[in-house]
Amino acid sequence: MDTLKKLVLAQDLCSLPWVNVELNLANKTLAPCCKYKTNFSTDSRSLEQVWHGSHMNDLRQRLLNGEQVDECSACNVPKDVFSYKKFNNRIHQTINVLNGTATHVDLPQVIHLNLSNTCNLACRHCLPGNSSRLASLAKNSELQDFLPYVETNNTVDASDHGDFFTNAVAISIAGGEPFVDGRFMDLLEIIQKRCKKLRSINFATNLTRLDPVILDTLGKLPARVRLTVSIDGPPAINDYIRHMSSWQEIEENLRIITSQYRHFDTGVISTISAWNVGYVCETMEFLETLQSKMNFVFRNFLSSPVLEDKAYAGNLPDDIKLFYQNKINQKKRTYNILNSSKHVITALELLQQPIRDGECLREYTLAFDRRAKTRIQALFPELARWLSTE
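Below you will find a few notes about this structure. (Residues numbered from 1 in each chain as written. Predicted model: local features only at pLDDT ≥ 70, side-chain atom pairs only at ≥ 80, totals over all residues. Heavy atoms only, no water.)

## Observations regarding the overall build of the protein chain
Helix and strand content of the protein chain: 15 helices and 11 strands. Against the 2.2 N^0.38 benchmark of 21 Å for 390 residues, the protein chain shows a C-alpha radius of gyration of 20 Å, consistent with a compact globule. Taking all 390 residues of the protein chain together, 56% fall into the buried category. Considering only contacts in the protein chain between residues 6 or more positions apart, those separated by 24 or more positions represent 77%. In the form shown here, the protein chain has an accessible surface area of approximately 17,200 Å², with 47% of it arising from carbon and sulfur atoms. If you average the places of the 44 positive and of the 43 negative side-chain charges in the protein chain, the two averages end up 4 Å apart. (Helix = DSSP H or I, 4+ residues; strand = E, 2+ residues; numbered from the N terminus. Rg over C-alpha atoms; globule rule 2.2 N^0.38 Å. Buried < 20%, exposed > 50% of the residue type's maximum accessible area, 1.4 Å probe, protein only. Contact = heavy atoms within 4.5 Å. Areas by Shrake-Rupley, 256 points an atom, 1.4 Å probe, with all protein chains shown as cover. Lys, Arg positive; Asp, Glu negative; His and termini not counted. Charge placed at Lys NZ, Arg CZ, Asp CG, Glu CD.)

So, in structure tokens, the structure goes:
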């Protein structure tokens with residue numbers, strides 16, 4: 001029986017439904033990844049029952065049969081086109097979790113966990129189910145056409161699901177914002193007790209807040225701690241995209257992390273959306289300056305493309321995409337940021353994609369600006385003509 005790795009390499013099989021799970025404890029849902037269009041409810045069944053249940057097994061068999069699955073439409077693209085599937089298949093090969101077979105499904109080895117949607121920011125590319133502040137901003141406004149309100153249960157006890165984590169070798173935790181979520185400490189205690197195979201824990205944060213108790217607890221885990229800071233561009237671009245963010249607060253907290261918790265693998269995750277895709281080189285240059293300023297080197301860098309139409313870089317007009325491609329190709333160089341080349345390559349791949357729904361992107365951008373009382377043209381004058389309401 002071929003290993004998953006062989007099937008991935010030979011058939012371009014998506015490995016996610018076998019080794020990866022996206023958990024949202026606030027909504028009590030499970031999915032093979034964050035792009036999958038259906039979330040499976042765990043209200044009446046355990047996480048393990050859903051993972052090994054008929055829906056997930058049917059999905060796995062259909063992928064093995066080479067069928068095109070409607071719920072996987074984000075990755076139903078030609079082989080030479082960027083997809084989230086390819087992005088994660090590369091990661092799974094790197095962290096060596098594809099040694100099993102397609103017929104024997106263990107508990108997930110890679111877990112992406114959203115504890116709640118409690119958050120202090122309203123990032124433009126985010127969703128209400130992941131940000132209470134964004135849900136509040138969108139409520140009773142025109143943004144609801146793009147960001148439908150989702151009821152969340154932010155009182156879920158993570159200890160009810162501890163057994164599901166026992167096979168995990170890599171756990172990524174996001175929110176919401178863990179530093180403002182009072183239940184995050186309970187989750188860390190569960191991970192410490194149940195996750196005996198754990199090799200790494202990735203803790204994503206916007207770093208506008210700090211909690212030394214959480215940081216000290218993370219430092220005691222018997223696994224590599226990767227504290228990943230969300231930075232989507234130089235200060236003005238970052239604060240625009242990550243609405244209600246303050247770069248000054250982030251820099252002050254980053255200085256504490258890099259001086260007092262140097263044993264952490266502190267790195268960066270940067271989303272690529274329509275609003276910053278043309279500025280990936282400026283982002284790298286800024287991070288280099290930041291490293292020099294703090295006498296510190298980011299130990300990892302993750303690139304996260306936004307694929308939802310409301311923020312999808314491929315939905316930009318063709319002339320702007322060509323302008324950005326030329327700009328990036330002229331500016332790009334080798335940066336002193338680990339894995340930065342992948343970020344630039346991903347941006348260029350996105351800019352080569354066909355438009356799916358340009359009007360959705362345009363209308364959402366304008367609607368968010370009206371609601372947030374911001375003005376994108378002040379930062380990106382090249383978008384002014386396209387965004388004109390005339």
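Structure shown, so let's carry the discussion forward.
## Regarding the nonpolar core
Counting residues in each nonpolar core, the largest one holds 127 residues, and the members touching the most others are L30 and L287. For L30, the residues in contact, after removing those within four places along its chain, are V21, E22, L23, N39, F40, T42, L47, V50, W51, M56 and F164. (Core = buried A, V, L, I, M, F, W, Y, C linked by side-chain atoms within 4.5 Å.)

## Looking at unusual backbone geometry
With a phi close to 60°, N96 is a non-glycine residue in the positive phi region. With respect to the element layout, N96 can be found in the loop between α5 (84-94) and β4 (110-114). A positive phi is found at K373, a non-glycine position, where the angle reads about 60°. Residue placement: K373 occurs in the loop between α14 (358-372) and α15 (384-387). For K373, a relative accessible area of 76% corresponds to the exposed category.

## What about the pattern of salt bridges?
This structure, assessed with the given rule, holds 19 salt bridges. Across the salt bridge formed by D163 and R194, the nearest N and O atoms sit 2.7 Å from each other. You can see D163 sitting in the loop between α6 (132-138) and β6 (170-174) and its partner R194 sitting in helix α7 (residues 184-194), a full 31 residues away along the chain. On the basis of relative accessible area, D163 is assigned to the exposed category, the value being 53%. Residues R299 and D265 are paired through a salt bridge, measuring 3.1 Å at the closest nitrogen-oxygen approach. Highlighted residues: R299 in the loop between α11 (280-294) and β11 (301-305) and D265 in the loop between α10 (247-260) and β10 (267-272), separated in sequence by 34 residues. Judged by its relative accessible area of 13%, D265 is buried. One salt-bridge network, in which partners are shared between bridges, spans R224, D265 and R299. (Salt bridge = Lys/Arg side-chain N within 4 Å of Asp/Glu carboxyl O.)

## So, the packing of aromatic side chains
All told, the structure shown has 15 aromatic pairs when counted by the stated rule. Where Y84 meets F87, the ring centres are 6.2 Å apart and the plane angle is 25°; that geometry is what we call stacked. Of this pair, Y84 and F87 are both found in helix α5, 3 residues apart, which corresponds to roughly one turn of the helix. A relative accessible area of 12% means that Y84 is categorised as buried. Residue class for F87 comes out buried when judged on its relative accessible area of 16%. (Phe/Tyr/Trp six-rings, centres within 6.5 Å; stacked < 30°, edge-to-face > 60°.)

## Details of the pairing of β11
Here is the key point about a regular strand: its side chains alternate between the two faces of the sheet. Burial of β11 is one-sided: the residues F301, S303 and P305 facing one way are buried, the residues L302 and S304 facing the other way are not. In terms of strand pairing, β10 meets β11 through 5 bridges, oriented parallel. Paired with I269 across the two strands is L302, which belongs to β11. Between the parallel pair β10 and β11, the chain is carried across by α11, and the sense of this crossover is right-handed. (Pairing = 2+ DSSP bridges. Right-handed = clockwise from strand over helix to strand, strands pointing away.)

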